[in-house]
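Summary of structural features
Chain residues, written in single-letter form:
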Amino acid sequence: MTEPAPPQQIWPEDRAARYRAAGYWTGETFPALLRDRAARHATRTAVIGGEMRLSYEDLLEDARRIGAGFLALGLRPGDRVVLQLPNEPAFVQVMFGLFMAGLLPVFALPAHRRTEIAHFAARSGAKALVVADRRGGFDYRAMAREVSAEVGLAHVVVAGEAEEFVPLGSLSGDPGLLPPDPEPSSVAFLQISGGSTGLSKLIPRTHDDYLYSVRESATICGLTEASVYLAALPAAHNFTLSSPGVLGALHAGGTVVLAPDPNPQTAFPLIARHGVTMSALVPPLALLWLDAAAARGRDELESLTDLLVGGARLPPEAARRIGPGLGCRLTQVFGMAEGLVNYTRAEDPDEIVTGTQGRPISPDDEIRLVDDQDREVPEGTPGQLLTRGPYTITAYHGAPEANARSFTADGFYRTGDVVLRLPSGHLVVQGRATDHINRAGEKVSAEEIEDHLLGHEGVYDAICVSIPDAELGERSCAFVIRRDPALRGPQVKTWMRGRGIASFKIPDEVRFVEAFETTAALKISRRQLRARLRAAALEGESDAD
Ligand code: OOB
């Protein structure tokens, strides 16, 4: 097998020169950032999780030890390491440990399972995987064993009881052997795309581009040394990691508190105990927090000044309730792991904060709204959002076909979102042009689910669509033509679970149909079929099983 090429992310030279000249790309790198903050804020608290509390100095020391430990295992700068850890201090320690050693984290989410982790490892050419031992009744070591057998990992490092693997606590090496700082224009890590067509793609982000978005995000959101950021959603997700997130808080010299889950019963006491000032949620969780605040009272939320909401559409009526209901300021965030992030601003009038998804971070974020033929739509008309700029990727890693689909010839990323732009530059997300299900902020590719369903011998064909859902925003519904008339919905779901995929990808509903409508002359595309089935489902025409 040939070694996969190392990830790269290249902007055309004229644009790169412009971004440097404008002061966006400063040449800072992640190792340099941590060293600098440890020097400036040595004894301040950087990270809190459970009963553990790390100062900036501690974090630097741990990162150096862990980074050197990875090198001592035989990994070399530039190697990829799939990082799948829950919201615990180990996540931050290992992330910075990998940065210190010039190793590239591939950020998986705790919900990912064998099939997805194997895909990330194979696609990135990862040499190692870092997991927790067991969380929420799931044994990540058993999963690591299966992944390793499938894709041949050289090392599995486990936070906790390691069994036959390498215990995270045992990693050590000579920090003197850590490599020099990486090139600021080199890839620092790989994010996972939400994926609207088929399997998730890998998103290479550079030190230059990511640190620009982190620094500006921290400024826009007003983070300072006094800020305490609660990571309630998974820390590895782009929203929680950088918008402004864990990295924004550390960039500002503030404190990160890691919540094991985002539910009010867990999060509210943490807010009260640690004086949390800011957190970030997807819309369904924001509504849950509102209900909890109404029921429990707002005493525990005294210190909370800012709540960011993003990842999926926040209806204006819900947006209006957040400020008064939680006693804090709402910021809407419309972002994507591929780059572009929009925020409403502190100085925006209320109707902009509640009625739009913000405006871009950078004056050099270029926005184009186009129709199906890539023609610009008239002012004031919704269009498909294309974007390029100083922190939006120009290509996915090792995916030429996806790149041809997802980027224009002149380097704009096709977000798949349909948006309206106000004269003020604020964007209002209207919907999307691609087929994914945004299930409470988790993006599920219709195609990926259909491919799984087609693997079932009792399934002749399947189409997966999104259906509006009061709690989740959207839920997934699979329309199935069965070969086996005895096949039932619960069986299909159980079988899907056995495929080793994140549980948010299991169809919420399975409906059986006799046939998919096709016209006599022209076979209609799966996209058109999805649109028709979605419309039919909304009218309640098919029978649920
Ligand atoms: C964030 O990142 P991803 O990569 O999980 O998902 C990106 C997609 C967007 O293309 C859009 O379809 C949807 O999620 N989205 C929103 C939204 N924010 C994201 N749709 C409507 N309203 C919003 N406010 O989800 C993400 C990354 C960084 C910051 C925030 C969110």
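What you see is a predicted model, and the numbers here were worked out from it, not measured in a lab.

With that out of the way, let us pick up helix H15 (residues 446-454). Of all 9 residues in H15, 7 are buried; the element is thus mostly enclosed. Those residues of H15 lying buried are Ala446, Glu447, Glu448, Ile449, Glu450, His452 and Leu453. Residues of H15 that are buried make contact with strand E23 (436-439), strand E24 (442-445), strand E25 (459-469), strand E26 (473-482), helix H16 (489-497) and helix H17 (526-538).

What follows covers the domain arrangement of the chain. In terms of domains, the chain is made up of domain 1 (55-182), domain 2 (216-432) and domain 3 (436-543). Computed over C-alpha atoms only, the centres of domain 1 and domain 2 are separated by 28 Å. With 13 residues of domain 1 at the interface, the matching set in domain 2 holds 12 residues. At the level of elements, helix H4 (89-100) and helix H5 (114-124) are the ones that each hand at least two residues to the side of domain 1 that touches domain 2. No other element matches the 3 residues that H4 contributes to the side of domain 1 that touches domain 2.

The next point concerns the nonpolar core. If you look at the biggest cluster of nonpolar residues, it comprises 143 residues, and the most contacted ones within it are Leu59, Leu83, Val106, Leu129, Ala231, Val256 and Val257. In terms of domain composition, this core takes at least three residues from each of domain 1 (55-182) and domain 2 (216-432). Leaving out residues up to four positions away in the same chain, Leu83 has contacts with Val94, Met95, Leu98, Pro105, Val106, Phe107, Ala108, Val130 and Ala236. Of all hydrophobic cores here, the second largest spans 19 residues; its members include Val444, Ala446, Ala478 and Val492.

It is worth spelling out the sheet that holds E26 at this point. Ordered in space as E25-E26-E27, the 3 strands form an open sheet in which the pairing is mixed. Since the sheet does not close on itself, it has two edges, and those belong to E25 and strand E27 (509-512), each with one partner. Strand-to-strand twist across the sheet, computed as the mean angle between neighbouring axes with direction ignored, equals 25°. The strands touched by H17 within the sheet are E25 and E26, with E25 carrying the most contacts at an inclination of about 55°.

Glancing now at unusual backbone geometry. For residues that are not glycine, phi is negative in most cases, and the peptide bond is trans in most cases. Looking along the chain, the bond that leaves Ser243 and enters Pro244 is cis, with omega of -15°. Looking at the secondary structure, you find Pro244 in the loop between helix H8 (238-242) and helix H9 (245-251). Positive phi is not limited to glycine here, since Asp374 has a value of about 65°. Mapping Asp374 onto the fold places it in the loop between strand E19 (366-370) and strand E20 (383-388). Its identity as a non-glycine residue notwithstanding, Ala440 has a phi of 55°, on the positive side. Among the structural elements, Ala440 can be located in the loop between E23 and E24.

It is worth spelling out the sheet that holds strand E1 (residues 45-49) at this point. Taken together, the 9 strands give an open sheet; going across it, the order is E2-E1-E13-E12-E14-E15-E16-E17-E18, and neighbouring strands pair in mixed fashion. A strand with exactly one partner marks an edge of an open sheet, and here the two such strands are strand E2 (52-55) and strand E18 (359-360). With 2 bridges joining them, strand E17 (residues 339-343) and E18 adopt antiparallel strand pairing. Counterpart to Tyr343 in the pairing with E18 is Arg359. On top of the sheet, helix H12 (residues 316-326) reaches strand E15 (306-310) and strand E16 (329-336); it is set at about 135° to E16, its chief contact.

Per-chain confidence: the chain averages 95 in pLDDT, with 97% of residues scoring 70 or above. The model gives residues 541-545 a pLDDT under 50, and that stretch makes 14 contacts with residues more than four places away or in other chains. Scored by ipTM, the complex comes to 1.00, with pTM at 0.95.

We now examine the site of the ligand. Lining the immediate surroundings of the ligand are 23 residues, of which Phe239, Phe334, Gly335, Met336 and Ala337 lie closest. Ranked by residue count, the leading element in the shell around the ligand is E16, at 5 residues. Looking at the shell around the ligand residue by residue, the class counts come to 8 nonpolar, 11 polar and 4 charged. Of the residues that make up the shell around the ligand, three or more belong to each of domain 2 (216-432) and domain 3 (436-543).

Relative to the helices and strands, Glu442 is located in strand E24. Measuring from C-alpha to C-alpha, the distance between Glu442 and Val282 comes to 9.2 Å, with 160 residues separating the pair along the chain.

Let us look at the packing of H5 against helix H6 (residues 140-151). Here H5 crosses H6 at 45°, and the two axes come no closer than 9 Å. For the element pair H5 / H6, the angle class is oblique. Note that H5 runs across H6; the crossing there is right-handed. Facing Arg114, Ile117, Ala118, Ala121 and Ala122 of H5, the residues of H6 in contact are Met143, Glu146, Val147, Glu150 and Val151. Class assignment of the residues belonging to the contact of H5 with H6 gives a composition of 7 nonpolar, no polar and 3 charged.

Time to look at the pairing of E25. Pairing between E25 and E26: 10 bridges, direction antiparallel. In the sheet register, Ser466 faces E26, and the bridge partner there is Ser476.

Position of Pro360 relative to the elements: it lies in strand E18. Here Pro360 falls in the buried class, since 24 other C-beta atoms lie within 10 Å of it. Residues Pro360 and Val333, spaced 27 residues apart in sequence, show a C-alpha to C-alpha distance of 9.6 Å. Those residues within four positions of Pro360 in sequence are excluded, and the remaining contacts are Leu340, Asn342, Asp365 and Ile367.

Reading guide: rules and limits
- Residues numbered from 1 in each chain as written.
- Predicted model: local features only at pLDDT ≥ 70, side-chain atom pairs only at ≥ 80, totals over all residues.
- Buried ≥ 20, exposed ≤ 12 C-beta atoms within 10 Å, placed from the backbone.
- Helix = DSSP H or I, 4+ residues; strand = E, 2+ residues; numbered from the N terminus.
- Contact = placed C-beta atoms within 7 Å.
- Domains from an automatic or database assignment.
- Core = buried A, V, L, I, M, F, W, Y, C linked by C-beta atoms within 7 Å.
- Pairing = 2+ DSSP bridges.
- Axes fitted to C-alpha atoms, helices over the stretch in contact; angles between N-to-C directions.
- pLDDT = per-residue confidence, 0-100.
- Near = placed C-beta within 6 Å.
- Nonpolar A, V, L, I, M, F, W, Y, C, P; charged D, E, K, R; others polar.
- Parallel < 35°, antiparallel > 145°, perpendicular 65-115°, else oblique.
- Left-handed = near helix turned anticlockwise from the far one by under 90°.

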